[in-house]
Amino acid sequence: MKLIRTVDAEGAVLCHDITQIIKGVTKDAVFRKGHIVTKEDIPVLLSVGKDQLYVWEKKEGILHENEAAEILCRMCEGPHMSRSEVKEGKIELRAECPGLLKVHRGGLRAVNRFGQMMIATRHGGFAVAKGDKLAGTRIIPLVIEEEKMRAAEKACMAETGGHPILSLRPFTHKKVGIVTTGNEVYYGRIEDTFTPVIKEKFAQFDTEIIDHEIWNDDDTKVTASILKMVDEGADIVCCTGGMSVDPDDKTPLAIKNTGARIVSYGAPVLPGAMFLLAYYTVTEGNNPRTVTIMGLPGCVMYARRTIFDLVLPHVMADDEITAEDLSSYGEGGLCLNCPVCTFPNCGFGKGK
């Protein structure tokens, strides 16, 4: 810092807040630290009794908070994001399109361990809408050593493999096939109340239902139905019902017999423990495509939020889910069935 005359301060950067007090009117900062003084600011500064100012003195190897903030932003910002103007060492990132936000936790922690700087994000693995705030970055002091910022950036990139901490995967259009199973529905003994729920979930995304079939507990028919929908161009096939371990529940067997790669039968989520996820590869010339097949347990029909709500945004963003991903849902995988559901603004599905 250095002390200068206010009349000579044009272009200088303030090192502290300047408070204006007008009895009965205001008591607040008229200028914040980091503000760059303009010619028009000088009469205002003089009016609040500031004939002299402490301003930032540029030194080799020392970065102003706004310069350092640009480095933090660079570590975070991926495609499909927009950033705010830098202000008081802070930059915010927002989504430019609907999609799935992913956060590289190792990279995030690598930066936040350094101190004097911070990156705060919303929880990764969830859907965001266009315009949603994704992250805020800030330098804590007015100035910081350039060497420290470069070290933080190096540590972050080592964790992320050179990629930004944040990535936003846009949702894509999906064709959906639904196979409803169960003797009770097939023979008209009860109304099919499962399919409307599934259609409502898909309606929240850019999807079209291209086929829907109802079958009894005959695994060969269910297998054939799944494969038919795949041939019709389905990107997703959902099988509802018949997912328990009871001998007459054949849906898991039917999915297995398609030849699909089973990722997991079971997930550490309540409701949704009997969920099945599989991927079926279709070879079409030089452009193979992957179809997501899901076996949905009965809880999806009656519970407000389940494993299906956690997995579906990943499917819509072409983000392949692994068994390790599913296992991570254990912490936070217990829905508390709150009287007023606030998902996703709650702990459901949010592990470490």
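Rules used throughout
Residues numbered from 1 in each chain as written. Predicted model: local features only at pLDDT ≥ 70, side-chain atom pairs only at ≥ 80, totals over all residues. Heavy atoms only, no water. Helix = DSSP H or I, 4+ residues; strand = E, 2+ residues; numbered from the N terminus. Buried < 20%, exposed > 50% of the residue type's maximum accessible area, 1.4 Å probe, protein only. Core = buried A, V, L, I, M, F, W, Y, C linked by side-chain atoms within 4.5 Å. Contact = heavy atoms within 4.5 Å. Pairing = 2+ DSSP bridges. Axes fitted to C-alpha atoms, helices over the stretch in contact; angles between N-to-C directions. Phe/Tyr/Trp six-rings, centres within 6.5 Å; stacked < 30°, edge-to-face > 60°. Lys NZ or Arg CZ within 6 Å of the ring centre and 35° of its normal.

J.: Before we move on, could you go through unusual backbone geometry and cite the residues and values that matter?
T.: The general pattern is negative phi for most residues beyond glycine and trans for most peptide bonds. The peptide bond linking Leu270 to Pro271 adopts the cis configuration, its omega dihedral lying at 5 degrees. With respect to the element layout, Pro271 can be found in the loop between strand E17 (261–265) and strand E18 (276–282). Backbone geometry at Gln116 places phi at a positive 65 degrees, although glycine is not the residue there. Position of Gln116 relative to the elements: it lies in the loop between helix H3 (105–112) and strand E9 (117–121). Assessed through its relative accessible area of 35%, Gln116 is described here as partly exposed.

J.: Give me the nonpolar core: which residues, what numbers.
T.: Ranked by size, the top nonpolar core spans 32 residues in total, and within it Met294, Leu296 and Phe308 carry the most contacts. Of all the secondary structure elements, the ones that give two or more residues to this core are strand E14 (174–181), helix H6 (194–202), strand E16 (236–240), E18, strand E19 (289–296), helix H9 (299–302) and helix H10 (307–316). Per-element accounting of this core gives the leading share, 7 residues, to H10. Look past the residues within four positions of Phe308 in its chain and what remains in contact with it is Ile198, Lys201, Phe202, Cys238, Met294, Leu296 and Val300.

J.: Before we move on, could you go through the sheet that holds strand E7 (residues 90–95) and cite the residues and values that matter?
T.: As summarised here, the arrangement of the 4 strands in space is E6-E7-E11-E9, forming an open sheet in which the pairing is antiparallel. Each edge of the open sheet carries a strand with a single partner, namely strand E6 (81–83) and E9. Pairwise comparison of adjacent strand axes, ignoring direction, gives a mean angle of 15 degrees for this sheet. Summarising the sheet, E7 and strand E11 (residues 133–139) pair through 5 bridges and their orientation is antiparallel. When the sheet's bridge partners are listed, Arg94 is paired in E11 with Lys133. Strands E6, E7, E9 and E11 of the sheet are contacted by helix H2 (residues 65–76), whose axis makes an angle of about 145 degrees with E11.

J.: Lay out the packing of aromatic side chains in plain terms, naming residues and giving numbers.
T.: Taken as a whole and assessed by the stated rule, the structure comprises 6 aromatic pairs. Taken together, the aromatic side chains of Phe126, Phe343 and Phe348 make up a single cluster linked through ring pairs. Over the ring of Phe126 we find Lys350; its NZ or CZ atom is 4.3 Å from the centre of that ring.

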